[in-house]
Structure formats: structure tokens, C-alpha cells
Amino acid sequence: GAVVSQHPSRVICKSGTSVKIECRSLDFQATTMFWYRQFPKKSLMLMATSNEGSKATYEQGVEKDKFLINHASLTLSTLTVTSAHPEDSSFYICSARGFSGQPQHFGDGTRLSIL
Amino acid sequence: QQQVKQSPQSLIVQKGGISIINCAYENTAFDYFPWYQQFPGKGPALLIAIRPDVSEKKEGRFTISFNKSAKQFSLHIMDSQPGDSATYFCAASTGQAGTALIFGKGTTLSVSS
């Protein structure tokens, strides 16, 4: 089956640090990747949608200068949390899909803890 | 975002029983309805999905029932096992390229042995 790899799985860093999370589709070309944020015992909240080679589309209320998304190739998207603060601590999950009509496959998430 | 309403929030079922989780949607343009299973500390895994041209889809112990006129769909887990204990999310999308899934709030299922 389709595999999406997310790295790192866990990050602990100091306030003010910028953190980069990678999302890779290992066995298919991901024309579209999505980034979600999940709070404990809550549902997934869509942050942004990125199509390969295009600027990401951010959901209302998500700061694009805070959460930088790059989707430079058909197998890799990155989310950079800039100048992270404790309120940015969360579980960040990416998903990827191939062409229209194909299902989304999710990575195993990144637990970000900002001290 | 268009809503997808999921119930119940939590569910306790005895081993061997049937687990039923329900979802309702508003946007009639939705044409793809997946269910995801998530274990703690992991990303959601696609369990089963249905499109509105069929009323039921079965894969092993998992069945989706779909009622287009009522704008509702449900997940049935037959012969529930302790290993099924997880959080289940229904979702919906229009299926167009680049369209994100809209998730329900999730149901935490506990199967007691």
C-alpha cells in the first residue's frame, strides 16, 4: 500500500527555535499534500493544502508566515514552524494523495513540544 | 469548512459485539466518504471508503452503509475485537484534485475483553 513517511516523529526544542518537518511519499507521486494539526483527543484540523510547484493554500486563521510550507517535488513537502512558541506545541500530521480520485494517505505525525 | 457530524463521541463494546458509528454531512457536493482508524501517537490509517453511487460496501469485518437521501453514512464493525480499540474518524470530500478531507470529531472505541 501507499506509504507516507514523516520525520522527525518527535521534536523538543526551546522557544524561539524554528523547526522543520518533512513529509515524503515513498512509493507514489503526491500531486497534493496536506498538513493537519491535532490537539489531544481532538479531530484533525486542516492547516494548508499544497500542490507540487505551487504556493500552499492556507486555511483561515493559519498564519502563513508562521507555518512555512514547501512542496518542491512530487515526493516531498516540508512544514517549517518559525520562531516556535509553547502554544505551537501540538501533533502535526501530513497526508499525501496522488491524482484526483485517489485516497489520502497519512504520515505517522510529528509530536512538537516547545519548552 | 463544511461540517461532518460524527456520533457517538465514545463507545464501549464487548468483544464479539457490533460497533456502530454514525456520520452526517451537509454538503451535497461531497462524493467521497472514507473512514480512518487512528491509534495513539500514530497518524490515521484509511480503513474503508465509499462513493455515493453505492449504498453499502463491505471489507472483512468493516461495512459502510450510505444513505444519500438522508445525507448519512455509518461504519459497522462486526465481531469487534480488543485490537479494534482506537479512534475512528469519518470524513468527506468532493474528490476533486487538491480538495482536502473534512473530518468528523472522532469516536473513541473501546472493546472490552
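To keep things clear, this report deals only with the structure shown in the data block. Quantities reported herein were computed from a predicted structural model and do not represent experimental measurements. (Residues numbered from 1 in each chain as written. Chains lettered and ligands numbered in written order. Predicted model: local features only at pLDDT ≥ 70, side-chain atom pairs only at ≥ 80, totals over all residues. Heavy atoms only, no water.)

1. As for the sheet that holds strand 6 (residues 56-59) of chain B
All names here are of chain B.
Reasoning step 1: Spatial ordering of the open sheet is given by 1-3-8-7-6, a layout of five strands whose pairing is antiparallel. The two strands at the open ends of the sheet, each matched to only one other strand, are strand 1 (4-7) and strand 6. On average, adjacent strands in this sheet sit at an angle of 15° to one another, irrespective of strand direction.
Reasoning step 2: The pairing of strand 7 (residues 62-67) with strand 8 (residues 72-77) spans six bridges and is antiparallel. Its bridge partner being in strand 8, T63 is matched across the sheet by H76. (Pairing = 2+ DSSP bridges. Helix = DSSP H or I, 4+ residues; strand = E, 2+ residues; numbered from the N terminus. Axes fitted to C-alpha atoms, helices over the stretch in contact; angles between N-to-C directions.)

2. Things to note about the interface of chain B and chain A
Reasoning step 1: Counting residues at the interface gives 21 residues for chain B and 21 residues for chain A.
Reasoning step 2: Buried area between chain B and chain A, both sides added, is near 1,600 Å², and the carbon and sulfur share of it is 53%.
Reasoning step 3: Counting the contacts that link chain B with chain A gives one salt bridge.
Reasoning step 4: A salt bridge links K42 of chain B to D108 of chain A; the nearest nitrogen and oxygen atoms lie 3.7 Å apart.
Reasoning step 5: The interface formed by chain B and chain A holds four residue pairs in polar contact (both at pLDDT 80 or more) in total.
Reasoning step 6: By residue class, the composition of the side of chain B that touches chain A is nine nonpolar, nine polar and three charged. (Contact = heavy atoms within 4.5 Å. Buried area = accessible area lost by both parts, 1.4 Å probe. Salt bridge = Lys/Arg side-chain N within 4 Å of Asp/Glu carboxyl O. Polar contact = N/O pair within 3.5 Å; in protein donor to acceptor, adjacent residues only side chain to side chain. Nonpolar A, V, L, I, M, F, W, Y, C, P; charged D, E, K, R; others polar.)

3. Points about the nonpolar core
Nonpolar side chains in soluble globular proteins tend to end up buried together.
Reasoning step 1: With 25 residues, the main nonpolar core has V4, F33, W35, F73, L75 and Y88 of chain B as its most contacted residues.
Reasoning step 2: Listing elements by their share of this core, those giving two or more residues are strand 2 (10-14), strand 3 (19-25), strand 4 (33-38), strand 5 (45-50), strand 7, strand 8, strand 9 (86-92) and strand 11 (107-112) of chain B.
Reasoning step 3: Top element by residues in this core is strand 9 of chain B. It accounts for four residues.
Reasoning step 4: Apart from residues no more than four positions distant in its own chain, F73 of chain B is found in contact with V4, I21, N22, C23, Y25, F33, W35, S65, F66, C90 and A91 of chain B.
Reasoning step 5: The next biggest cluster of nonpolar side chains, apart from the first, holds 24 residues, and it includes I21, A96, L112 and I114 of chain A. (Core = buried A, V, L, I, M, F, W, Y, C linked by side-chain atoms within 4.5 Å. Buried < 20%, exposed > 50% of the residue type's maximum accessible area, 1.4 Å probe, protein only.)

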